[in-house]
Amino acid sequence: MTSSAATPVNGASSASPNGARPARPRGLPRALEVLLGAAAIVVVFVGVRAIAWLIGPAFLALIIVIAVAPVQRWLRTKGWPGWASTLVVVLAVYAIVLSLALAIIISIARLGTELPKYASEGSALVNSVTAQLAKLGVGPDQIKQAASSLDLGKLTELIGGLLSSVAGLASNFVFLIALLLFLSVESSGMPDRMADIGADRPTVVEALTKFAYGTRQYLLVTTVFGFIVAVLDTIALAIMGIPLAITWGVLAFVTNYIPNVGFILGVIPPALLGLLTGGPGLMVAVIVVYCVLNLVIQSFVQPRFIGDAVGLSTTVTFVALVFWAWLLGGLGAILAIPLTLLIKALLVDIDPKAGWAHAFLRSAGKTPDPDAQPKVKKSRKFRRHTLEPAPESPPAV
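These numbers come from a predicted model, not from an experiment.

## Considering the side chain of T340
Inspection of the secondary structure assignment puts T340 in helix α15 (residues 336–349). A polar atom in the side chain of T340 sits 3.2 Å from the side chain of W324. Among all residues touching T340, those that are not within four sequence positions of it are L312, A320 and W324.

Right, dumping it as structure tokens:
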């Protein structure tokens, strides 16, 4: 027997026995929901900035382990035991980190000892500039302020403070080394864990697989182009007689991981040294050489390869650079692309209804090719739950 006063299902509206419409379920106004969501985002950002010292090194360790993971998988296919392949991965990770850290420390140390030699040239340059400003009618107060801002002694003190703070970075470096060891050891069991996750959440596995694949492609392209730029810059600076040519080559390699504006950060120090050692002509020559080499490679050639590898447009990469640099500092600028890929995987790739967002994130005129995506290895348990056949291609994770 059916009652005429039955409650509507799923919020459907129907007339009550007395002819009145039922009351709508009460909830928060839409504007208040938006404000609460925005406030929650602000709180999350504040928390991330407070623990940036932890998030930055942790994500850097994760990216390095992801980059060398194919080496372990290749060794396992060649019949190496698990402990041996894990040991090789750990040694490879440590070699990469220690080599970069040693190159950066040596470069900073040489810069700190070499820059004070040009203090007299810098003072003479400042005096010449102030004299020219006085001839142009600039007041003495403005000249004094400009001269104090151009004092190279402050730059020397800044570099000395940077060198003295290296000991303070030791704790973070030890944390990074320990985290790299743990992640490298745990990476051997990651395929089985991903298969277990895929038994219940296949979209999560697909999203994380795309993230790992895109990150490795980005690191490969950026490292190759960074090495080419560093070698060419070092040779060009050595030919022009710029001091510390190898140091500026290392700087060009590191800044190549900073999208869009890495070229600008890398050209400033050698251009200033060219001004101090050879005058404005040499400075212009350094800028021209960097524009020919770095600007063409980093701003026109490399972004096309990176866009094809990670599926992000140039505008998205630039906005991501500014955002992550503000949130995590210098390390966030270097890791801007991998961090953006992770957020994209967790918020866009993981949700089938968010596919429309790809149209705004990818480069114009490019559509994602489903056949080009890496395949995910599925265990017997995963295939039994999903009733899918085993993939023929090897796993990419």
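## Quick look at the pattern of salt bridges
This structure, assessed with the given rule, holds three salt bridges. Of the charged contacts in the structure, one is a salt bridge between E33 and R30, with a shortest N-O distance of 3.4 Å. Here E33 pairs with R30, and both are found in helix α1 (residues 30–50), just three residues apart, close to one helical turn. Judged by relative accessible area, which is 37%, E33 ranks as partly exposed. For the salt bridge of K344 with D349, the shortest nitrogen-to-oxygen distance reads 3.2 Å. With respect to class, K344 is no different from D349; both count as buried.

## Digging into the packing of aromatic side chains
Enumeration over the complete set of coordinates arrives at five aromatic pairs. Measuring from ring centre to ring centre gives 6.3 Å for F45 and W326, while their planes differ by 85°; the resulting arrangement is edge-to-face. Note that F45 is positioned in helix α1 and W326 in helix α13 (residues 314–328), a separation of 281 residues in sequence.

## Observations regarding the nonpolar core
With 30 residues, the main nonpolar core has F59, F211, V310, W324, L328, L339 and L341 as its most contacted residues. At the level of secondary structure, the elements contributing two or more residues to this core comprise α2 (52–77), α9 (202–240), α13 and α15. In this structure, W248, A271, V286 and Y290 belong to the second largest nonpolar core, which totals 14 residues.

## Examining the packing of α9 against helix α10 (residues 245–255)
Look at α9 against α10: their axes get within 8 Å of each other, and the N-to-C directions meet at 155°. Looking at the two axes, α9 sits roughly antiparallel to α10. Of the two possible hands of crossing, α9 and α10 adopt the one that is right-handed. Along its contact with α9, which presents T223, G226, F227, V229, A230, D233, T234, L237 and A238, the element α10 presents A245, I246, W248, G249, A252 and F253.

## Side note on helix α11 (residues 262–278)
In this model, α11 (17 residues) spans 25 Å end to end at C-alpha, consistent with the 24 Å of a helix rising 1.5 Å per residue. Along α11, the sharpest change in direction is near 30° and occurs at I268; proline P269 comes one to four residues later. Looking at α11, one finds that the buried residues are G262, F263, G266, V267, P270, A271, L273, G274, L275 and L276. Just past α11, the residue G279 takes up positive phi, approximately 90°.

## So, the packing of α2 against α9
Geometry of a packed helix pair, given as the angle between the helix axes and the separation of the axes. Remark: α2 packs on α9, axes separated minimally by 9 Å, with the N-to-C direction vectors making an angle of 85°. What the angle tells us is that α2 and α9 run roughly perpendicular. Here F59, I63, I66, A67, A69 and P70 of α2 come into contact with α9, specifically with F211, A212, T215, R216 and L219. Of the residues that constitute the contact of α2 with α9, the class distribution is nine nonpolar, one polar and one charged.

## Focus on the confidence of the model for the protein chain
The predicted model of the protein chain averages 75 in pLDDT, with 70% of residues at 70 or higher. Within the protein chain, helix α17 (residues 380–386) has the poorest average pLDDT of any element, 40, and α9 the best, 89. Predicted confidence for residues 1–14 stays below pLDDT 50, and this span has four contacts to residues more than four positions away or in other chains. Between residues 365–397, whose pLDDT stays under 50, and residues either more than four places distant or in other chains, the model counts 46 contacts.

Criteria and cut-off values
- Residues numbered from 1 in each chain as written.
- Predicted model: local features only at pLDDT ≥ 70, side-chain atom pairs only at ≥ 80, totals over all residues.
- Heavy atoms only, no water.
- Helix = DSSP H or I, 4+ residues; strand = E, 2+ residues; numbered from the N terminus.
- Polar contact = N/O pair within 3.5 Å; in protein donor to acceptor, adjacent residues only side chain to side chain.
- Contact = heavy atoms within 4.5 Å.
- Salt bridge = Lys/Arg side-chain N within 4 Å of Asp/Glu carboxyl O.
- Buried < 20%, exposed > 50% of the residue type's maximum accessible area, 1.4 Å probe, protein only.
- Phe/Tyr/Trp six-rings, centres within 6.5 Å; stacked < 30°, edge-to-face > 60°.
- Core = buried A, V, L, I, M, F, W, Y, C linked by side-chain atoms within 4.5 Å.
- Axes fitted to C-alpha atoms, helices over the stretch in contact; angles between N-to-C directions.
- Parallel < 35°, antiparallel > 145°, perpendicular 65-115°, else oblique.
- Left-handed = near helix turned anticlockwise from the far one by under 90°.
- Expected span 1.5 Å × (residues − 1).
- Bend = angle between axes of the 7 residues up to and from the residue.
- Nonpolar A, V, L, I, M, F, W, Y, C, P; charged D, E, K, R; others polar.
- pLDDT = per-residue confidence, 0-100.

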